[in-house]
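Listed here are the chains, written in short residue letters.
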Amino acid sequence: MTKTDSQTLQVKDLPVYPPRDKAIDDHAYMKQVMRLGPLVRDGYFGVHTFSHQHMLDMLSDDLTRQLETEGIDLLGIGAGAIRDFFANVMLFSNGTVHRNRRAPLARAFAFPIVKAMRADIRAAATAIIKPLLGGGEVDFLADVAGPMPARIIAGILGVPERDIPHFTTLVYSSIRVLASRSRGILLEAEADLARLNTYVAGVLADRAKSPQQDFLSAYLARVADSALDPTEVRVQIVGLILAGSDTTRSSIATTFARLLDHQDQWEMFKADPDALKADVTAEGLRYDPVVGSLSRIAAQDFMLAGVRIPTGSVLFMSMIAALRDPAIYADPDRFNITRKDHPALHPAFGGGGHRCLGEALARVEIEETLSVLAELAPNARLIGPVPTLRGLTGVRGINGMTVALG
Ligand code: HEM
């Protein structure tokens, strides 16, 4: 990147996203788009990048900043639980405000702490999967991939066993506030988000009254003298629940689907799940990433691929494209659980100051669920079409998944 030069291309000169044939999948469409050049613009002059390097560059806190409430401002959502969420959650904040919101939680999700939870996470996966063996068709999202992250986060928060089904329902309804850009769907999800807020506020109040040796009590002790107000304290916990549920659910599901769809790789994995579970997880996260793109706002004027990007431009970095960048990955369209070219920091979890806080937890959940499946359900098979993730932006949706676990 070089300094601004008035002779260079402007955003308005960029090629525009071509119309899409709905029958082709997201990866095929991205390939069509990328043929137009390294940068493409949408109808609103948002700039879209595709390479791994451009994604890293755009996640630099010097050049760009995270969106705050701009997205919901555009949708005209001015008050209520959704605004409360976007205005207070760490993901949509910057600078000192972001650091103050992130710091009290960051340590709790560090790799060594999560490592100590591995045996419990494996036990949870076994408890979810065992009763489904030999029982015919299984709705994999509802019965395995969905309950896993909800149960684990419920355990971390100390949600009582009897509340877990209610908690899980609220989580998967509320998650739509992060997964959708449609005003109608957002407003539909708002009532459940308000219920989840009330539930979390209740759990926090209980812990404040009678602290225990647990995650929430430690969090409350850390925020006691911090700059966070009570709404921010609550919203970080709600944010954690939402950020870690759908993402992990879909990652478990698509990775398992890919394994079953590539019998040679499934056989290889089953032969030594313990040795291969980390590689399988990394490849599942790469091959069909659950976050379609990241977005940022240009915090200064700068040059990118010969184009002048003015301050305030909205930038979208396609994760779908970056994770199949041939400059990084050999034979990128091949699902290959033995590949050794994953960057040390897996791009599926983002980068810069907002890099995923729950990466260690997500990896262990995916690894243990898949390895329990390999051991307990070696004859598992897909019923019906191979499920795919769809969506170019935000958290991508999955279109159902039925399996027989043998
Ligand atoms: C496979 C599962 C997951 C994937 C692919 C994923 C991916 C991501 C990505 C790409 C970001 C950065 C977004 C951006 O820069 O705009 C992010 C942020 C975040 N993730 Fe995850 N995530 C996963 C699971 C989890 C889990 C299990 C948790 C916690 C329980 C979690 C908590 C968070 C939080 C709190 C943030 C915001 C960090 C910040 O703004 O500083 N995530 N995640």
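Note that the structure is a prediction, hence the values are computed from the model and not measured.

The protein supplies the iron atom of the ligand with one donor atom, C356 (SG), which lies at 2.3 Å. Relative to the helices and strands, C356 is located in the loop between α17 (319-322) and α18 (359-376).

The environment of the ligand is made up of 28 residues, and the closest members are H98, R102, R296, H354 and C356. A distance of 2.7 Å separates an oxygen atom of the ligand from a polar atom in the side chain of R102. H354 is positioned with one of its side-chain polar atoms (N or O) 2.6 Å from an oxygen atom of the ligand. Elements that contribute at least two residues to the shell around the ligand include exactly α5 (95-106), α14 (230-261), β6 (293-298) and α18. Among the elements that take part in the shell around the ligand, α14 stands out by supplying 6 residues, more than any other.

The next thing to look at is the pairing of strand β9 (residues 314-318). Judged from the 3 bridges that link them, strand β3 (residues 47-49) and β9 form a sheet pairing that is parallel. From the neighbouring strand, T49 faces β9, where its bridge partner is M317. Inspection of the sheet shows β6 paired to β9 by 5 bridges, in the antiparallel sense. Directly across from R296, in β9, lies its bridge partner L315.

Once that is clear, we can look at the side chain of R296. Within the fold, R296 resides in strand β6. Notably, R296 is buried but unbridged: the nearest opposite-charge side chain belongs to D61, and the N-O separation is 5.8 Å. A polar side-chain atom of R296 sits 3.3 Å from a polar atom in the side chain of Q66. R296 has contacts with M58, L59, T64, R65, Q66, L67, S313, V314, L315, M317, G351 and H354, leaving out every residue within four places of it along the chain.

Turning next to the sheet that holds strand β5 (residues 137-139). Ordered by their spatial adjacency, 3 strands build an open sheet running β5-β13-β10, and the pairing between neighbours is antiparallel. Edge positions in the open sheet fall to β5 and β10 (381-383), since each of these has one partner strand only. Within this sheet the neighbouring strands show an average axis-to-axis angle of 40°, counted without direction. As paired elements, β5 and strand β13 (residues 402-404) share 3 bridges and run antiparallel to each other. Opposite V138, over in β13, you have V403 as the bridge partner.

For the rest of this paragraph, the subject is the pattern of salt bridges. As enumerated under the stated definition, the model contains 31 salt bridges in all. A salt bridge links D274 to K277, with the nearest nitrogen and oxygen atoms 2.8 Å apart. Residue D274 and its partner K277 are both found in helix α16 (residues 273-287); the two are separated by 3 residues, about one turn of the helix. For D274, a relative accessible area of 52% translates into the label exposed. Note that E368 is salt-bridged to K277, the shortest N-O span being 2.9 Å. Residue E368 is located in helix α18, and its partner K277 is located in helix α16; the two are separated by 91 residues in the primary sequence. One network of salt bridges, with partners in common, ties together R118, R122, D274, K277, E367, E368 and E375.

Glancing now at helix α1 (residues 26-34). Among the residues making up α1, those that are buried are D26, H27, Y29, M30 and V33. The arc that holds the buried residues of α1, viewed along the axis, is 160°, so those residues lie on one side. Looking at the packing, one finds that the buried side of α1 touches β2 (39-41), α16, β9, α17 and β11 (389-390). Near the N-terminus of α1, the side chain that reaches the backbone nitrogen of H27, with its oxygen 3.1 Å away, is that of D25.

Either a parallel or an antiparallel arrangement is found when strands of a sheet pair, and the pairing is made through backbone hydrogen bonds. Within the open sheet, the 5 strands sit side by side as β2-β3-β9-β6-β4. Their pairing is mixed. The open sheet terminates on both sides in strands that have one partner only, identified here as β2 and β4 (64-65). Of the strand pairs in this sheet, β4 and β6 are connected by 2 bridges, and their pairing is antiparallel. Across the sheet, residue R65 finds its bridge partner in β6, namely I297.

Moving on, we come to the side chain of S217. On the secondary structure map, S217 appears in helix α13 (residues 215-223). Under the relative-accessibility criterion, S217 is labelled buried at 10%.

All chains considered together, the criterion is met by 9 aromatic pairs. Aromatic rings pair up to connect F140, F256, W266 and F269 into one cluster. Seen from the ring of Y329, R286 lies directly overhead, with NZ or CZ sitting 5.0 Å from the centre. Lying across the ring of Y287, R324 places its NZ or CZ 4.1 Å from the centre.

Definitions and cut-offs
Residues numbered from 1 in each chain as written. Predicted model: local features only at pLDDT ≥ 70, side-chain atom pairs only at ≥ 80, totals over all residues. Heavy atoms only, no water. Donors = N, O, S within 2.8 Å, 3.2 Å for Na, K, Ca; no water. Helix = DSSP H or I, 4+ residues; strand = E, 2+ residues; numbered from the N terminus. Near = heavy atom within 4 Å. Polar contact = N/O pair within 3.5 Å; in protein donor to acceptor, adjacent residues only side chain to side chain. Pairing = 2+ DSSP bridges. Buried < 20%, exposed > 50% of the residue type's maximum accessible area, 1.4 Å probe, protein only. Lys, Arg positive; Asp, Glu negative; His and termini not counted. Salt bridge = Lys/Arg side-chain N within 4 Å of Asp/Glu carboxyl O. Contact = heavy atoms within 4.5 Å. Axes fitted to C-alpha atoms, helices over the stretch in contact; angles between N-to-C directions. Arc of directions from axis to C-beta. Phe/Tyr/Trp six-rings, centres within 6.5 Å; stacked < 30°, edge-to-face > 60°. Lys NZ or Arg CZ within 6 Å of the ring centre and 35° of its normal.

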